[in-house]
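Listed here are the chains, written in short residue letters.
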Amino acid sequence: MTADGPQVPGGWHPLPLPTPRPINTVNHPGGNNIPNATLIGQTRCKELKAAFLRTNDDTITHPTPFIDELPINSRIARLRRHPDLCPNLFVYGDLNGQGVLWQPIHNEPPLMPRCTSATVNNSQATAATAREQAMALDCLANWYINHITRMPNVMTCSKSLEDEILIQLIEPLNHHLASRYANKNTIVDVPANNTDTPRYPLWIRSPPRRAAHHGGYPDFLLVTHPTAPAGQSHKAIIHVKTWWSYPNATFRSIFHAHTAYATTGAFNWVGNAVQHQLIKQLWGSLVSQRCQWGMCTNGKLLFVFRRVGNANPDLYVSQMMTFEDHRVQSLMAGLSFAAIDENNNTINRLSRYLWPAHRVNNNW
């Protein structure tokens, strides 16, 4: 994969991505015998089944006054399709057995601030130590053994689906984060060999919903620090729906149900279709949690999205993927890494790599 650099006569000048840096095994109890992340990173989520006794098929979330009454310049200006979001995030989150750390391009500043002494949100964004990396992969291997031997629970409601996504997707993601970033939990002194104390950054369940903002809270949050304000520590969101309330046809028709105007992408904010309500809920969560990145799934399909711009912003939406696609872990790892790595110093380069503006379209 390459990123689009400055425009030159004859087209765009390609910039190569950084190359992987192998994990350091010094002082790891197992020496060089560290679990290989290749197979784990390609693991498929298992197919989910619904029980006959389950929540009603018409159980959907309606936007609340908090969302409907957002100032005009804080609403979605355009809903746009970005065909490169998923492919670029696959590469950015490449779980390839060589580790998930990156080294900088020759003669260029490092893409990732954690590779240097630069700061992210006024805190050091350092890489995990060799021991932390190795222990995280050990935990990942243990998760993998459990994953291939267990049967998923039967789905009865959105909470049961959230529980399954926590086991199949969130848990390995948190191990990948621990292998990449130094622990940001400064509340307690965490011993190097302690795996029971939460290590930040990590994905967590969203706090209980307040009535005034119900519908503006996601189901999972990517948090970088346990006490920092939302604008500094909240990085990405996940919304979980059920496929019997939000069928695959609803997800696939987001770009085909008059959700936005075909030639401009202008979003129909006052639309009442399920597709409108879903997009407005996702947008409300991005605004309330001050995040730029997110993912939404119904347990069968999923898509990722990116908020772009401040005043009159756009929402870039990826193509649909199946929940059992073997690239889902790499996709969500890339999304998590990009959300954490992004700051004022890196956003210009990240935007060229991950969501280049010249590739977005209103192809309805």
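Residues numbered from 1 in each chain as written. Predicted model: local features only at pLDDT ≥ 70, side-chain atom pairs only at ≥ 80, totals over all residues. Heavy atoms only, no water.

(A) Representation of the overall build of the chain in the model. Counting its secondary structure elements, the chain contains ten helices and 14 strands. Buried residues in the chain amount to 53% of all 364 residues. Of the contacts formed within the chain by residues at least 6 apart in sequence, a portion of 73% connects residues at least 24 apart. As presented, the chain carries roughly 16100 Å² of accessible surface, and 53% of it is formed by carbon and sulfur atoms. (Helix = DSSP H or I, 4+ residues; strand = E, 2+ residues; numbered from the N terminus. Buried < 20%, exposed > 50% of the residue type's maximum accessible area, 1.4 Å probe, protein only. Contact = heavy atoms within 4.5 Å. Areas by Shrake-Rupley, 256 points an atom, 1.4 Å probe, with all protein chains shown as cover.)

(B) A look at the packing of aromatic side chains. Under the counting rule described, the total for this entry stands at six aromatic pairs. An angle of 70° between the planes, with centres 6.3 Å apart, marks the rings of Y181 and F337 as edge-to-face. Of this pair, Y181 sits in the loop between α5 (158-180) and β8 (202-205) while F337 sits in helix α9 (residues 328-341), and the two are 156 residues apart along the sequence. The exposure class of Y181 is buried, given its relative accessible area of 6%. Relative to W269, the ring of F267 lies with its centre 6.0 Å away and its plane at 75°, an arrangement referred to as edge-to-face. Here F267 and W269 have matching classes, each one buried. Cluster of aromatic residues (ring-pair linked, three or more members): F251, F303 and F305. Seen from the ring of W269, K280 lies directly overhead, with NZ or CZ sitting 5.0 Å from the centre. Between the NZ or CZ atom of R306 and the centre of the ring of W355, over which it lies, the distance is 3.9 Å. (Phe/Tyr/Trp six-rings, centres within 6.5 Å; stacked < 30°, edge-to-face > 60°. Lys NZ or Arg CZ within 6 Å of the ring centre and 35° of its normal.)

(C) The arrangement of the nonpolar core in detail. Judged by nonpolar contacts, the single largest core of 45 residues is most densely connected at W203, W293, V304, M332 and L354. Of all the elements in the fold, those that place two or more residues in this core are α3 (85-92), α5, β9 (220-223), β10 (234-240), β11 (293-297), β12 (301-308), α9 and α10 (347-354). The element best represented in this core is α9, accounting for nine residues. With near-sequence residues (within four places) excluded, L354 lies in contact with H82, D84, L85, N88, L89, Y92, W293 and A338. L79, Y246, C291 and L301 belong to the second-largest nonpolar core, a separate cluster that totals 30 residues. (Core = buried A, V, L, I, M, F, W, Y, C linked by side-chain atoms within 4.5 Å.)

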